[in-house]
Amino acid sequence: GKYSILGSITGWNICRYTHIDWDLVKNILKAWIWAPIIAAGISFGLMKIVRKSLASHPISLIKRDLILRISLIMAGVLASYTLGANNIGTITGPFLSVFKTFSPVCITAAVCVAIGIGFLMANKRVIETIGRKLFPLSPTEGLVVMMGSALSMIFFSMESIRNILIFCHLPTLPLVPIPMSNVMIGSIVGISVAKGGYGLKYAVLGRILMSWFIVPVVAGGLSFLLLTLGNLL
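Starting afresh in each chain, residues are numbered from 1 along the sequence in its written order. Reporting of local features is limited, given that this is a predicted model, to residues whose pLDDT is at least 70; pairs of side-chain atoms are given and counted only at 80 or more, and all residues count toward the totals for whole chains, interfaces and linings. The side-chain numbers reported here are obtained from all heavy atoms of the structure, hydrogens and water having been left aside.

Peer 1: Pulling in residues and values, what's your account of helix α9 (residues 202–232)?
Peer 2: For α9, spanning 31 residues, the distance from its first C-alpha to its last is 45 Å, which sits close to the expected 45 Å at 1.5 Å a residue. Along α9, the helix axis deviates most sharply at W212, where the bend reaches about 30°; the proline P216 sits within four residues downstream. Burial in α9 covers these residues: V204, L205, I208, W212, A219, G220, S223 and L227. Working definition: helices are DSSP H or I runs of at least four residues, strands are E runs of at least two. Numbering for both runs from the N terminus. The length a helix should cover is 1.5 Å for every residue beyond the first. Fitting one axis to the seven residues ending at a residue and another to the seven starting there, the bend at that residue is the angle between the two axes. Residue burial is assigned from relative accessible area. The probe radius is 1.4 Å, only protein chains are included, and a residue is buried under 20% of its type maximum, exposed over 50%, and partly exposed in between.

Peer 1: So what about helix α2 (residues 22–56)? Which residues, and what values?
Peer 2: Compared with the 51 Å implied by 1.5 Å per residue over 35 residues, the 51 Å span of α2 between its first and last C-alpha is a close match. Those residues of α2 that fall on the buried side of the exposure criterion are V25, I28, A31, W32, A35, P36, A39, A40, I42, S43 and M47.

Peer 1: Residues and numbers for the environment of N86, please.
Peer 2: Inspection of the secondary structure assignment puts N86 in helix α3 (residues 61–98). Sequence separation between N86 and V176 is 90 residues, and the spatial gap between their C-alpha atoms is 7.3 Å. When residues no more than four places from it in sequence are discounted, the contact partners of N86 are M153, F156, S157, V176, P177 and I178. Should any heavy atoms of two residues lie within 4.5 Å, those residues are considered in contact.

Peer 1: Explain the side chain of S149 to me, and be specific about the residues and the numbers.
Peer 2: You can see S149 is positioned in helix α6 (residues 139–155). Here a polar contact is recorded for every N or O atom pair within 3.5 Å, except that within protein the pair must consist of a potential hydrogen donor and a potential acceptor, and residues adjacent in sequence are included only if both atoms are side-chain atoms. There is a polar contact of 2.8 Å between the side chain of S149 and the backbone oxygen of V145.

Peer 1: Can you explain the side chain of E141? Please cite residues and give values.
Peer 2: With respect to the helices and strands, E141 occurs in helix α6. If we skip the residues at most four places from it in the chain, E141 touches M47, F135, P136, I191 and K195.

Peer 1: Summarise the packing of helix α8 (residues 180–194) against α9; cite the residues concerned and give the values.
Peer 2: Every angle, taken between N-to-C directions, lies between 0 and 180 degrees, and every axis is a line fitted to C-alpha atoms, over only the stretch in contact when it is a helix. Where α8 meets α9, the closest approach of the two axes is 12 Å, and the angle between their N-to-C directions is 155°. With respect to each other, α8 and α9 are oriented roughly antiparallel. With respect to the hand of their crossing, α8 and α9 are arranged in left-handed fashion. Only L205, I208 and W212 of α9 make contact with α8, whose side of the interface consists of S181, N182, I185 and V189. Of the residues contributing to the contact of α8 with α9, the split by class is five nonpolar, two polar and no charged. Oblique is the label for every angle not falling under 35 degrees (roughly parallel), over 145 degrees (roughly antiparallel), or within 65 to 115 degrees (roughly perpendicular). Note: crossing handedness is left-handed where the near helix turns anticlockwise from the far helix by less than a right angle, and right-handed where it turns clockwise. Three residue categories are used. Nonpolar comprises Ala, Val, Leu, Ile, Met, Phe, Trp, Tyr, Cys and Pro, charged comprises Asp, Glu, Lys and Arg, and polar comprises the others, including Gly.

Peer 1: Now, about the packing of α2 against α8: what can you tell me, with residues and values included?
Peer 2: Two elements in contact, α2 and α8, have axes whose closest approach is 7 Å; the angle formed by their N-to-C orientations is 40°. One finds that α2 runs oblique with respect to α8. Classified by chirality, the crossing of α8 by α2 is right-handed. Contact residues: α2 offers W32, A35, P36, A39, A40, S43, F44, M47, K48 and R51, while α8 offers N182, V183, G186, S187, G190, I191, V193 and A194. Of the residues belonging to the contact of α2 with α8, the class tally is eleven nonpolar, five polar and two charged.

Dropping the structure here:
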């Protein structure tokens, strides 16, 4: 994901003695810290609103199930859009610098197909870690996670929102790629807090947070090592 790409590029630049824009790296790292916090806040608020609405306006199970299914589809579409708007650039960027004869549209289309294939081949255990092992999600809570993740990603993806914040003299967020896992973990934590902190597997959360620090370091080290060996050969 984004951690391995950032680590690999940093390791490559260090090995090639290429200038690294450390200010940009700092902005990306800050965004990766703020993204799950923002997602947690959004999901916390959404969960409170949903629970209060269901308690104040009870509906039949059949109608509730229908609304939930339609909402999940719409939330999935929104999450897919924000994922593409924010993350595709991270993957296509390195290819654009290598395959200069191909148009950005062709490379982006190829990357989208590869992402779709990767989704079909996704490891079930990885999916279950977020959906079950970290915090058992009900369908309603799953909807809140999707909405919280998608809405938080929008702040780091849409220049129009950034321009509005600048016009209103409000703090802005950098338009940088954000790992979807970051905001999803933040959203789940926000739901857990809204429910009193019960059900969250802190050991699993600790391992996930640890991987966020280990993966870029390992990726950068491997990139540096492989390039060094390549230069020797």
